[in-house]
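# A look at the structure
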Amino acid sequence: MNTKAFQKIYTKIENITKATVTLKATGVGNDELATVGGKLAQVVKMDGDTVTLQIFAGTENIATDSEVVFHGAPPTLRVSDELAGRFFNAYGEPLYGAPITTGEVRETGGPTVNPFHRKQPSELIATGIAGIDLNNTIVSGQKIPFFADTDQPYNEVMAMVALRAEADKIILGGMGMTNDDFLYFKNVFENAGALDRIVSFVNTTENPPVERLLVPDMALTAAEYFAVDKGQKVLVLLTDMTLYSDALAIVSNRMDQIPSKDSMP
């Protein structure tokens, strides 16, 4: 791993759990990324100079003398028109060996907009699916959940919405997708010739479950760029929130937090 000049490296970890490490460090910010023994991590708790880091891939093979290097910034995404037609992982890195996008670096998970200053939602985003447009209408500025049993083809419906929706950009955030589901979305978009208006952030079952927690922030950061900076109509599709909730439960359990109903934190 390459480090910056005069960058401080910590080599004394005080405590290690199934998903976190704790050490003494100064000049660290909340949500800041770090590298622990070559594994990516994020600050999840600060108590004075005691810092707790969540290791995305788990703490296996992490020792008390492993090197800890703080990156000095939370998760970020480079935003530009080059995002369109590309597939990214949960960290905003291009898949398939594609070149890194250029553009402005923006932090993900920033502060939300005061609802008082928002425009009243009134603009329909038509999907071309009568059951949605008539009974569960999508309006610009709002979020709508779609409930489905595990045996229902909800991903096929999501792909259909992505192709038919009257929007300039579609942002797809896939959390805990199987490779079959991922390839299904990819093939459908490519065959329909719609890749130029779709941006995808994907976490598959092969990736650490904790990474799923980064996907919504990445997707919404990209959406904010196209909607606010470019003045485009944007629709964000996240699938599926059950697996996102499972990831929260996994993190809660590994951090030895007291669970509530259904093991959720």
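Nothing here was measured: the structure is a model prediction, and the numbers come from that model. (Residues numbered from 1 in each chain as written. Predicted model: local features only at pLDDT ≥ 70, side-chain atom pairs only at ≥ 80, totals over all residues. Heavy atoms only, no water.)

Let us look at the packing of aromatic side chains. A ring pair, where both rings are aromatic, is described by two values, the distance of the centres and the angle of the planes. Evaluation of the coordinates by the stated rule reveals 8 aromatic pairs. Ring centres 5.6 Å apart and planes at 75° place the aromatic pair Phe 56 and Tyr 91 in the edge-to-face group. Taken together, the residues Phe 56 in the loop between strand 6 (50-55) and strand 7 (68-70) and Tyr 91 in the loop between strand 9 (87-88) and strand 10 (104-107) connect sequence positions 35 residues apart. Looking at Phe 56, the relative accessible area reads 2%, which means it is buried. Taking 5.4 Å as the distance between ring centres and 25° as the angle between the ring planes, the aromatic pair formed by Phe 88 and Phe 201 counts as stacked. With Phe 88 in strand 9 and Phe 201 in strand 12 (residues 198-204), this residue pair connects regions lying 113 residues apart in the sequence. Each member of the pair, Phe 88 as well as Phe 201, carries the same accessibility label: buried. An aromatic cluster of at least three residues, connected via ring pairs, comprises Phe 87, Tyr 96 and Phe 182. We note Lys 186 situated over the ring of Tyr 96; from NZ or CZ to the ring centre the distance is 5.1 Å. (Phe/Tyr/Trp six-rings, centres within 6.5 Å; stacked < 30°, edge-to-face > 60°. Helix = DSSP H or I, 4+ residues; strand = E, 2+ residues; numbered from the N terminus. Buried < 20%, exposed > 50% of the residue type's maximum accessible area, 1.4 Å probe, protein only. Lys NZ or Arg CZ within 6 Å of the ring centre and 35° of its normal.)

In this structure, strand 4 (residues 33-36) lies alongside strand 5 (residues 39-47), joined through 4 bridges in antiparallel fashion. Bridged to Thr 35 within strand 5 is Leu 40. Joining the antiparallel neighbours strand 4 and strand 5 is a turn of 2 residues, in which Gly 37 adopts a positive phi near 60°. Where strand 5 and strand 6 come together, 6 bridges link them in antiparallel fashion. Among the inter-strand pairings, Met 46 is bridged to a residue of strand 6, identified as Val 51. Linking strand 5 back to strand 6 in an antiparallel pair, the connection comprises 2 residues, with Gly 48 at a positive phi of about 70°. (Pairing = 2+ DSSP bridges.)

Turning to unusual backbone geometry, a few remarks are in order. Between Thr 239 and the following residue, Asp 240, the backbone shows a cis peptide bond with an omega angle of -15°. Residue position: Asp 240 is located in the loop between strand 13 (234-239) and helix 5 (241-254). Positive phi, close to 70°, is recorded for Asp 31, a residue that is not glycine. Considering the arrangement of structural elements, one finds Asp 31 in the loop between strand 3 (20-24) and strand 4. For Asp 31, a relative accessible area of 36% translates into the label partly exposed. Positive phi, close to 70°, is recorded for Asn 61, a residue that is not glycine.

Leu 77, Leu 83, Ile 171, Val 199, Phe 201 and Phe 226 are the most contacted members of the largest nonpolar core, which has 26 residues in total. Elements with a contribution of two residues or more to this core: strand 8 (76-79), strand 11 (169-177), strand 12, helix 4 (215-229) and helix 5. The dominant element in this core, judged by the number of residues it contributes, is helix 4, at 7 residues. Discounting chain neighbours no more than four positions away, the residues touching Leu 83 are Leu 77, Arg 78, Phe 88, Thr 101, Ile 198, Val 199, Ala 222 and Phe 226. One finds Ala 165, Phe 189, Ala 194 and Val 202 within the second-largest nonpolar core, a separate group that totals 22 residues. (Core = buried A, V, L, I, M, F, W, Y, C linked by side-chain atoms within 4.5 Å. Contact = heavy atoms within 4.5 Å.)

Moving on to the confidence of the model for the chain. Taken as a whole, the chain shows an average pLDDT of 86; of its residues, 93% reach a score of 70 or greater. Per-element mean pLDDT across the chain ranges from 81 in helix 5 up to 94 in strand 9. (pLDDT = per-residue confidence, 0-100.)

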